[in-house]
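Understanding the architecture of this molecule
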There are 4 protein chains.
Amino acid sequence: MIDFSPVLDTLKIELPSWAFGNSGTRFKVFGTPGTPRTIQEKIADAATVHRLTGLAPTVALHIPWDTVDDYAALRGYAADHQVALGTVNSNTFQDDDYKFGSLTHTDKTVRQKAIDHHLRCIEVMDQTGSTDLKIWLADGTNYPGQGDIRGRQDRLADSLATIYQHIGDEQRLVLEYKFFEPATYMTDVPDWGTSYAQVSALGERAMVCLDTGHHAPGTNIEFIVAQLLRLGKLGSFDFNSRFYADDDLIVGAADPFQLFRIVFEVIRGGGLDADSPVALMLDQCHNVEAKIPGQIRSVLNVAEMTARASLVDVDALTAAQEAGDVLGANAIFMDAFYTDVRPALAAYREERGLPADPMAAFAASGYTETIVAQRVGGTQSSWGA
Amino acid sequence: MIDFSPVLDTLKIELPSWAFGNSGTRFKVFGTPGTPRTIQEKIADAATVHRLTGLAPTVALHIPWDTVDDYAALRGYAADHQVALGTVNSNTFQDDDYKFGSLTHTDKTVRQKAIDHHLRCIEVMDQTGSTDLKIWLADGTNYPGQGDIRGRQDRLADSLATIYQHIGDEQRLVLEYKFFEPATYMTDVPDWGTSYAQVSALGERAMVCLDTGHHAPGTNIEFIVAQLLRLGKLGSFDFNSRFYADDDLIVGAADPFQLFRIVFEVIRGGGLDADSPVALMLDQCHNVEAKIPGQIRSVLNVAEMTARASLVDVDALTAAQEAGDVLGANAIFMDAFYTDVRPALAAYREERGLPADPMAAFAASGYTETIVAQRVGGTQSSWGA
Amino acid sequence: MIDFSPVLDTLKIELPSWAFGNSGTRFKVFGTPGTPRTIQEKIADAATVHRLTGLAPTVALHIPWDTVDDYAALRGYAADHQVALGTVNSNTFQDDDYKFGSLTHTDKTVRQKAIDHHLRCIEVMDQTGSTDLKIWLADGTNYPGQGDIRGRQDRLADSLATIYQHIGDEQRLVLEYKFFEPATYMTDVPDWGTSYAQVSALGERAMVCLDTGHHAPGTNIEFIVAQLLRLGKLGSFDFNSRFYADDDLIVGAADPFQLFRIVFEVIRGGGLDADSPVALMLDQCHNVEAKIPGQIRSVLNVAEMTARASLVDVDALTAAQEAGDVLGANAIFMDAFYTDVRPALAAYREERGLPADPMAAFAASGYTETIVAQRVGGTQSSWGA
Amino acid sequence: MIDFSPVLDTLKIELPSWAFGNSGTRFKVFGTPGTPRTIQEKIADAATVHRLTGLAPTVALHIPWDTVDDYAALRGYAADHQVALGTVNSNTFQDDDYKFGSLTHTDKTVRQKAIDHHLRCIEVMDQTGSTDLKIWLADGTNYPGQGDIRGRQDRLADSLATIYQHIGDEQRLVLEYKFFEPATYMTDVPDWGTSYAQVSALGERAMVCLDTGHHAPGTNIEFIVAQLLRLGKLGSFDFNSRFYADDDLIVGAADPFQLFRIVFEVIRGGGLDADSPVALMLDQCHNVEAKIPGQIRSVLNVAEMTARASLVDVDALTAAQEAGDVLGANAIFMDAFYTDVRPALAAYREERGLPADPMAAFAASGYTETIVAQRVGGTQSSWGA
């Protein structure tokens, strides 16, 4: 049986706190019994995922959804649950002031408010020990003429520069791009090129965040992965999958082979090396499926696909590529993809005292029944849109 | 100046009650002062659009969003405001029971509940004098394997047949299709072919509803218009526009030329003839723009594009087409599109005692100020997602 | 080891004669040594694929590319090579007369010429013993206004009706649809709905052909498969795969999971049953990869995916679906997909005297070297665009 | 009547020599009587477009399609026809050696051959007085695994650096990007970000070329225009339009409003200023429409849309944008788009001794009849795919 420890021993996948809360569409957000009401309950759920998979040691926070009075205490709470606090995600899209933009707004007062929010996020990071400030902006316009594309871009650059000045020596700013939504005509950071141009202007500790669901139809995402790694600017991933728009489905669910190709390029570009700057994170919504097993499934999908991608015989592949042997090269690639790595991964887990089948272990654990019984009353966490 | 009365005198565009309430995205629904709290206030706003444009004599209802105790009274209220109640839209997507489907659900109890809802909608129609029951289903699945595609389709056929039995002789059932959203993997009525196959199995009073925002990227919508008119199954339009997904922007805002081509095919296929079965309706969201002028703008866009499309010299076009004169035919087509019909439409309105510039007239009317002052307290209408 | 004989014993995949000739893009068609110059050489190549896989007993013809004087002799030639002649594909897109349409042309003379071509194809079928006449039309327009969408559709219906009258009792007419290309604005049979409406008007022996590369971006193809099977109108498949447009790549190469879902619906709808009307065929171009192994790879991909799809535990799946267990249902589905069926298929082949690894067997056979040596001079087959 | 001379007096649109030759699809290239056989005849046709529009003073060359022995003589020939030779376009996609890449090829010999081709193109530029070397690469792969994405990118950078060393002080290298085609899986320069990163590494005289047909579905092209102008790296446009893929239709034909938005951003970013580095060029195929009037129509479309875009009341627009008046801002934008500028442009032309209606003037000129009579025999120019 193949030994996957070289690739799996260092694999870490951050979980988003909000994946454990309710989410949905503009048509309906379905609630479910047991949904967390607090960040502490979200951390407890995330810790459960880590306990069963051994692969998810950190939890990302979303401010203000996860705001608490005492972040040091929260850090301790997480540590007590054997996980750490990770990336801090800012939110400048749910305040009436941000209706027409935040870091790009024409009104200096609104821009400053948005900048200040990020400075507070950095303060949170200082207390939680988080290294990454992730900025995803909902800024954009819905109608042609509504905004000045160029002016908005210039203001964005100014705002980011101000924020970046406060990023500590051991901290990073990662700028996420998104093709569309919520804006329907123009998004201020729509593509990797824009994020790359903006973070390049900031400095070394500014990087691009690639969300796998944020591209135009048909976009070759693994190319972007390879390119950003080549340019030294791939800071982090937001993993999920999609059939149409930013569906935020479980990573690998919509197009497993695409995930394989992406992970292959991550490995190819050194993204899983010990000194790699690439942080892996999930960013998903579990609208109709159970949330905790949804996260377990996602972590397993990334691990399995990493295992498969690591199987590619790179020397043979290179030889076939150089020989112009299209079918041969493709066959080497596909052979890795089609190999069933699940038994080896189960064995790998068992060797480490983890359950062979984390999904079954979770179902058998009674955790769901416990939280359904305990989490009664209060307001279930959600995006609060 | 061109006389557009032949095409404009019979043009009627139904307004959706929900366009006057708040709407948004899964990220945020922005409220605005003056937003209606009740269906009566929505009707008052819609009547304002009609008073200024003369083109919007009916208001569509959404059940349960617009549920009242006394529909006869509501009908009278509308009549007092010089408008009538139009299409009744059902809603089987906001109840927990419908999480995994409504008319397609595997559970007979849920299906019956959804059927019963439609029967109640028909009762509403009987009281309001509405002729059209519009069914748009959120039914679908998010993950491969989640549902049995074939079984869902068969159950849909059964459910629709039951509902159709209750459609009165002067009433119609129109079935809307949608490419995706809220479902992210499979939609049970994803395309015109499915809607056509389903309504064809029902009978003559079942027709297809075409929403201009519900197609795959690149779809030639005017082709579908021409085809459905040819097949005698185009029942109604839901007008809006989009750049990416179902953006629900103002009709004609994203791609004016596409609207021109669509309206041209409507005219070509007799869809604006006196005896045409084609009902025109708006179905839009005004997320960041003002709602009432948003509706006025939309009505004017349809009217202006109808005027432009009526300008196409069909005899000359036919001659160029038959001669294989590609550039000549296209030039005849584009000449109509590029003609500025706005002065003629302003004159047309003035002749009928309507404001030459309805947008300016609305701004000058003080209506916004009045409703902002009056509509204080209560809960603003919205989708309540 | 799993016994796949129930599904594989009856599996047959037709090969297109043109896959063995040169093909390419509008930018370049690359030739390769050994490419067939005649239909006989194409048949020899196809027979080689069948000899090594046991799954490709028939070869589709394209008229006029494969025109011969004596079709009875050609039938005998094929039989001598242990294959039979299959579907006859018409071609009404490479004659100057067809620049502006064939079966849809405004000029009755051109329409009649195109009809007559199809009647000659039926005569060919009578001689070859082919049962299917496949019609794919390049008809369409490049610019808005260039053609009358409705009139073209009506003429298409008339032309098809004339052709259908000549279809024998044991023969079928299958009408293929295509989203775009070569037409860039409007395609006369752009979607399954149009093909379905047209063939339904013809009669029982007219069916729809679904080419997996002919849909708008994001289209859920397996839904269409399920729907057409439900409506009893799925006549045949043209298998290939694509990332962007009609790329005509090896089936399963771009999105293996999509192929899995498609085949699952084929099985679900009885499309592989003994009495199924569904014919499976490849329709691919091998622009840069070797052609014969490209076809072998394709046949194997369909077989392997059929094996995987047959592994879905339908009872368990149904139970999970009815329980609203989204993750459970998806897991059952994915488990089949991720199972490595290749060893079992190799064993299956060996039991039947076929090579365990047909790709390796072909490489070792010396066939390529032989045809490169023998096929010198003459004109290599291609589309001749 | 509006005076458009400020924007039109400096407007120049380069014509591609190949637009006058035959082009088509992989299915068929239709020829037409009168099609040029030589670059001289193409120049004569291009000069006709300029004579009638006054807007197309230069002709782009494609090497080797337009190879001649004596470029100085060709330069004189053009001057005699009142036009100049413009951009030189290289071609590294029609040689068997380039089947698996050119500047990105794994084989150093092939890379050097492709580099040498570009050095010869620079020599041509030295003789023709052309300032721009345009590089569009067909390099890419059709199957996952076929090539090493990262390695190809690195080799591309090396090859471009070698070529750039030979670019003269008054010359520029412009690198075009393209989403897909002819490659169907991975394109080596797929997006503006890649082109930007590559040319940024070269130096000041390396710029990005934006072809309006080379983007993923739904891409906001005007955003890219604004961004590249902001970054100082927009070197040139290849104008055309598309509904689906790289359809190469007449610019403005598919989505006139998109062209308006693009030109608005060009003006907004100074792209039409006297000292602007932005070169405007057509890059189109006239597959079914007449070629010379197709180019005239295209030039007029750009001019008309430039006139419309220049009408936007920027001060009023800015005020509306800053006030958050979405509908007001959009209305100002649309008002310019819907203004019929054609009479003013006709007057503008007449004032300059040009025909009011260049299309009609061409039809009346007898030019077509003349070339049909004269250009008999020889081989019509085409891509020769």
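Cut-offs used in this document
Residues numbered from 1 in each chain as written. Chains lettered and ligands numbered in written order. Predicted model: local features only at pLDDT ≥ 70, side-chain atom pairs only at ≥ 80, totals over all residues. Heavy atoms only, no water. Pairing = 2+ DSSP bridges. Helix = DSSP H or I, 4+ residues; strand = E, 2+ residues; numbered from the N terminus. Contact = heavy atoms within 4.5 Å. Salt bridge = Lys/Arg side-chain N within 4 Å of Asp/Glu carboxyl O. Polar contact = N/O pair within 3.5 Å; in protein donor to acceptor, adjacent residues only side chain to side chain. Buried < 20%, exposed > 50% of the residue type's maximum accessible area, 1.4 Å probe, protein only. pLDDT = per-residue confidence, 0-100.

Some words on the sheet that holds strand S4 (residues 132-135) of chain A
Residue and element names in this part refer to chain A. Strands sit in the order S1-S2-S3-S4-S6-S8-S9-S10 across an open sheet of eight strands; the sheet is parallel. Edge positions in the sheet fall to strand S1 (15-16) and strand S10 (279-282), since each of these pairs with one other strand and no more. Note that strand S8 (residues 206-211) and strand S9 (residues 234-239) share four bridges and pair parallel. In the strand pairing of S9, Leu 210 is matched with Phe 237.

Examining the interface of chain D and chain A
On the side of chain A, 53 residues touch chain D, which itself brings 53 residues to the contact. Linking chain D to chain A there are four salt bridges. Among the ionic pairs, Asp 154 of chain A bridges to Arg 230 of chain D, the shortest N-O distance being 2.7 Å. Inspection of the region where chain D meets chain A yields 20 residue pairs in polar contact (both at pLDDT 80 or more). Of all the elements in the fold, those that place two or more residues in the side of chain D that touches chain A are helix H5 (149-164), strand S7 (186-187), helix H6 (192-202), helix H7 (221-231), helix H8 (256-268), helix H10 (314-322) and helix H11 (326-338) of chain D. Sort the elements by how many residues they give to the side of chain D that touches chain A and H7 of chain D lands first, with eight residues.

Re the pattern of salt bridges
Where charged atoms from two side chains of opposite charge approach closely, those side chains can pair. Within the structure shown, the criterion is met by 96 salt bridges over all chains. With its nearest N and O atoms 3.6 Å apart, the salt bridge here joins Glu 41 of chain A to Arg 375 of chain A. Here Glu 41 of chain A is found in helix H2 (residues 39-53), whereas its partner Arg 375 of chain A is found in the segment after helix H14 (367-374), with 334 residues between them in sequence. Taking relative accessible area as the criterion, Arg 375 of chain A reaches 9% and is therefore assigned buried. One salt bridge connects Arg 261 of chain A with Glu 222 of chain A, and the closest N-O pair in it is separated by 2.5 Å. Remark: Glu 222 of chain A occurs in helix H7 (residues 221-230) and Arg 261 of chain A occurs in helix H8 (residues 256-268); sequence separation between them is 39 residues. An identical accessibility class is assigned to Arg 261 of chain A and Glu 222 of chain A; each is buried. Here the salt bridges share partners, and the residues they tie into one network are Arg 26 of chain A together with Lys 178, Glu 181, Asp 246 and Asp 248 of chain B.

A short note on the side chain of Ser 102 of chain D
In this structure, Ser 102 of chain D sits in the loop between strand S3 (84-89) and helix H4 (108-128). If sequence neighbours within four positions are ignored, Ser 102 of chain D has contacts with Thr 92, Val 110, Arg 111, Ala 114, Leu 137 and Asp 139 of chain D.

Some details on the confidence of the model for chain A
Taken over all residues, the pLDDT of chain A has a mean of 97, while the share at 70 or more is 100%. ipTM for the predicted complex: 0.97, alongside a pTM of 0.98.

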